[in-house]
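The residues making up each chain are set out below.
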Amino acid sequence: MEERSRLCSVWLGSETGILKGVSLDRKQAFNFCNTRTLSREQEVRALCWGDPAESELLLGCLDGTVRTFSTEKGVFTEARSCGDPQEGCFSGLASLRGSAVITCVECGKLRVWREDSSRPVAELDAGSSVCRMRQSPVDPNRVATGGKENGLKIWDLERPEKPVFTAKNLRDDWLDLRRPHWVRDMAFIPESDKVVTCTGYHQVHVFDPSSPRRRPVLEAEFGEYPLTALSLPAAGHTVVVGNTQGQLALLDLRKGLVRGVLKGLSGGVRALQCHASQPLVASCGLDRFLRIHSLEDRKLQHKVYLKSRLNCLLLASRELQGGGAAEGGAEQEVKEEEEDEVWDSMERVEEAAMKRKPGGGEEVKKKKKKAGD
Amino acid sequence: MDITEVPTNQSSKGKKKKNKKSVKAKTKVENMEVEKESSAVEKKPEPAATFPPTFSVSEIKNKQRRHLMFMKFKQEKRKQKLQLRKKKRKEREALGDKAPPKEVPKTIENQRVFDETTVDPEDEEVAFDEGTDEFSAYFNGLTNPKVLITTSDRPRGRTMKFCEQLATVIPNAHVYYRRGLALKRIIPQCVARNFTYMMVINEDRQVPNGLVLCHLPDGPTAHFKVSSVRLRKEMKRRGKDPTEHYPEVILNNFSTRLGHSIGRLFAALFPQNPQFVGRQVATFHNQRDFIFFRFHRYIFKNEKKVGIQELGPRFTLKLRSLQKGTFDSKYGEYEWVLKRHEMDACRRKFQL
């Protein structure tokens, strides 16, 4: 178990209550659960890292418990009850300064839990039917919530009485009708105060709390179906969004235009995450596949079948591939040797056939690259 | 002009001859030779129109001559093929028992691209997933199917007849007139009245072309394209009208994970304990992602022999989408959507 869990670089929570780890190096997927005690009650709805070193995972289950999984040991170390299952399932989970945990349930109760006590330290009400709660990567005390008929709210957990920012609904339309509101997912844009949200009415909004404007400063639309998840790539100015029909697109945040579409999905997207440093985006959803696309050429890099519908996804911040440095080195050596062989064999060929030399060499390289993948 | 006309006449003659006596090859070959000479005569005065070393039929400008030459070319090819086959058969006969086994013909089905979602019957996780899904109540014998069949608004004759005939195939099915009601409003009423399925047949220009199959109370919903509907009246050699007995259900070739879900969806339409006295059988046969529906009756001739008699109707379904939850095409989450030109780019890749 230990070895397996250390290898994994992608973690997924499934609808059947199984925590799944995928190692892209080895092209293997592992289930971390007891197969005898499977139940839908343990459906994983939220997933986050328990500590900055990424040695602990926190899982928010359907029955209102938060379980801790140690990636070093490969076992579940702890389970504690955080709220009532009647209040709806978790819509967000985050860790705060090591041991404290922030949970948010669908009915809007946002709570902060310390490790030792069974009572929440702080509690605030974020309104009804909250679809998602996210924590700012820069300031862990800053969280954003939003849901159906419940606009974006940004909270400072030091001062939980009033939200720091509340979004205003869009202006009435040209028929003077109220526009409905449905925030499905949000993300904090690093190096600025801005927050980007996606809605159930296929819009992407950018809010700027530093400006006096409470309505979105940018609105973009994609497709015709509800957008369910979004993620910000490491290289700025873009956002990746996914909808219920499995359409994944890269939108530009400067003008709100579609930059490209990522193909290959067949079912609705439940979670999306971009890698912290590499230009990669991982998506999972109802079609039971984990797919990893490159953001540079928008090609599908990996596709892993994981047998259950997947709810949430978490990437390790280290490189997804080539984790074992020794292995990579050995492989490169082999590559060089084989290339030498190729060149040796080339030199015997007559002048007329020399034209083909570079092409042939490249082909071999490509093949090697594929094998390395 | 004279010169050009002559060969056409000849060729037409040759054609007639060929039509009359296609077996007599000798005379024809002679004819051809004559024609060839004539064509040579024809071509000689023109300096540019010399034949290239690789002669192809399509280069002949005269349509009738080209046709003739092409027919001849084809016939020769066919003759060669037949000869080759004869030779092979003779060889096989000569070898007798030691003959190599016959080659299996390549078909799209047996060249199918491997699908990683193909269900392994021993897989615990998939078994658990299927054991606790929305159909588990039916498969555990807790619920009995009760089906509501309705149509799109203002159905015309053929669609109504199709509905009625479906209701005779599926036990405990009730046909209702749509009355312009919204599906999202019908669903809670159906749930309140213990219906387990809602089936909506869509029609376009009096032809049934779509089927929405919604499992109640909590999904999933499948959307199919319906084609080649043949009603009972249009069927040749059909049997007498079906009886009230519960039919046996056969599901063929639903091998992938998605296929399993669809198979379970169809299985849950019929009561679980078939009454074999009725000798009726409903078949859902999947081939190349098309689902063929047939309804038969067994005819037992003696202890060993059995025949079947088709009762109808017959139709073909193709899955368009599978949605989680009850019907909600706008805000529902789709488990699988057919993406044309993206999914069917490979002819040997199948989804079900």
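As the structure is a computational prediction, the values presented were derived from the model and not from experiment.

Calculation notes
- Residues numbered from 1 in each chain as written.
- Chains lettered and ligands numbered in written order.
- Predicted model: local features only at pLDDT ≥ 70, side-chain atom pairs only at ≥ 80, totals over all residues.
- Heavy atoms only, no water.
- Contact = heavy atoms within 4.5 Å.
- Buried area = accessible area lost by both parts, 1.4 Å probe.
- Salt bridge = Lys/Arg side-chain N within 4 Å of Asp/Glu carboxyl O.
- Polar contact = N/O pair within 3.5 Å; in protein donor to acceptor, adjacent residues only side chain to side chain.
- Helix = DSSP H or I, 4+ residues; strand = E, 2+ residues; numbered from the N terminus.
- Nonpolar A, V, L, I, M, F, W, Y, C, P; charged D, E, K, R; others polar.
- Patch = residues over 30% accessible without salt bridge, like charges linked within 9 Å, V, L, I, M, F, W, Y side chains within 5 Å.
- Areas by Shrake-Rupley, 256 points an atom, 1.4 Å probe, with all protein chains shown as cover.
- Lys, Arg positive; Asp, Glu negative; His and termini not counted.
- Charge placed at Lys NZ, Arg CZ, Asp CG, Glu CD.
- Buried < 20%, exposed > 50% of the residue type's maximum accessible area, 1.4 Å probe, protein only.
- Expected span 1.5 Å × (residues − 1).
- Core = buried A, V, L, I, M, F, W, Y, C linked by side-chain atoms within 4.5 Å.
- Pairing = 2+ DSSP bridges.
- Axes fitted to C-alpha atoms, helices over the stretch in contact; angles between N-to-C directions.

## Digging into the interface of chain A and chain B
Contact with chain A, which involves 37 residues of that partner, is made by 25 residues of chain B. For the pairing of chain A and chain B, the buried interface totals around 2600 Å² over both sides, and the portion due to carbon and sulfur atoms is 49%. For the chain A face of the interface with chain B, the top three residues by lost area are Arg-40, Tyr-305 and Lys-307 of chain A, together amounting to 22%. Between the two partners, chain A and chain B, sit eight salt bridges. Where Arg-309 of chain A meets Glu-335 of chain B, a salt bridge forms, and the shortest distance between an N and an O atom there is 2.8 Å. Where chain A packs against chain B, one counts 16 residue pairs in polar contact (both at pLDDT 80 or more). Of all the secondary structure elements, the ones that give two or more residues to the side of chain A that touches chain B are β24 (269-274) and β27 (300-305) of chain A. Residues of the side of chain A that touches chain B, tallied by class, amount to 12 nonpolar, 15 polar and 10 charged.

## Points about a negative patch on the surface
Together, Glu-56, Glu-78, Glu-115 and Asp-116 of chain A make up a region of like negative charge exposed at the surface. Judged by relative accessible area, which is 72%, Asp-116 of chain A ranks as exposed.

## Observations concerning helix α3 (residues 63-95) of chain B
Helical geometry note: an α-helix holds 3.6 residues per turn, so side chains three or four residues apart project in the same direction. Residues and elements named next belong to chain B. The end-to-end C-alpha separation of α3 is 48 Å, in line with the 48 Å expected for 33 residues at 1.5 Å each. All of the buried residues along α3 are Arg-65, Leu-68 and Met-69. Structurally, the start of α3 carries an N-cap: the backbone nitrogen of Gln-64 is 2.9 Å from a side-chain oxygen of Asn-62. In the segment just after α3, Gly-96 is the residue with positive phi, at about 70°.

## Quick word on a nonpolar patch on the surface
Residues Trp-174, Leu-175 and Leu-177 of chain A make up a contiguous nonpolar surface patch of roughly 410 Å² in combined accessible area. Secondary-structure assignment places Leu-175 of chain A in the loop between β15 (165-166) and β16 (183-188).

## Observations regarding the nonpolar core
Residues Ile-149, Phe-224, Ile-262, Phe-266, Leu-269 and Ile-291 of chain B are the most contacted members of the largest nonpolar core, which totals 42 residues. Sort the elements by how many residues they give to this core and helix α6 (residues 157-169) of chain B lands first, with five residues. When neighbours within four sequence positions are excluded, Ile-291 of chain B is seen to be in contact with Phe-224, Phe-254, Ile-262, Phe-266, Phe-284, His-285, Asn-286, Phe-315, Thr-316, Leu-317 and Leu-352 of chain B. Of all hydrophobic cores here, the second largest spans 17 residues; its members include Val-196, Phe-222, Leu-227 and Ala-249 of chain A.

## Here we look at the sheet that holds strand β2 (residues 19-23) of chain A
Residue and element names in this part refer to chain A. Taken in spatial order, the four strands make up an open sheet running β3-β2-β1-β28, and their pairing is antiparallel. The open sheet has two edge strands with one neighbour each: β3 (28-32) and β28 (310-315). Going from strand to strand, the sheet's axes swing by 25° on average, the running direction of each strand aside. Strand direction decides the pairing type here: strand β1 (residues 10-14) and β2, joined by four bridges, are antiparallel. Looking at the pairing, Leu-12 lines up with Lys-20 of β2.

## Quick notes on the pairing of strand β12 (residues 130-135) of chain A
For a regular strand, the rule is simple: side chains alternate between the two faces of the sheet. All names here are of chain A. By the bridge criterion, five bridges tie β12 to strand β13 (residues 142-147) in an arrangement that is antiparallel. Bridging across to β13, Met-133 finds its partner in Thr-145. Between the antiparallel neighbours β12 and β13 lie six residues.

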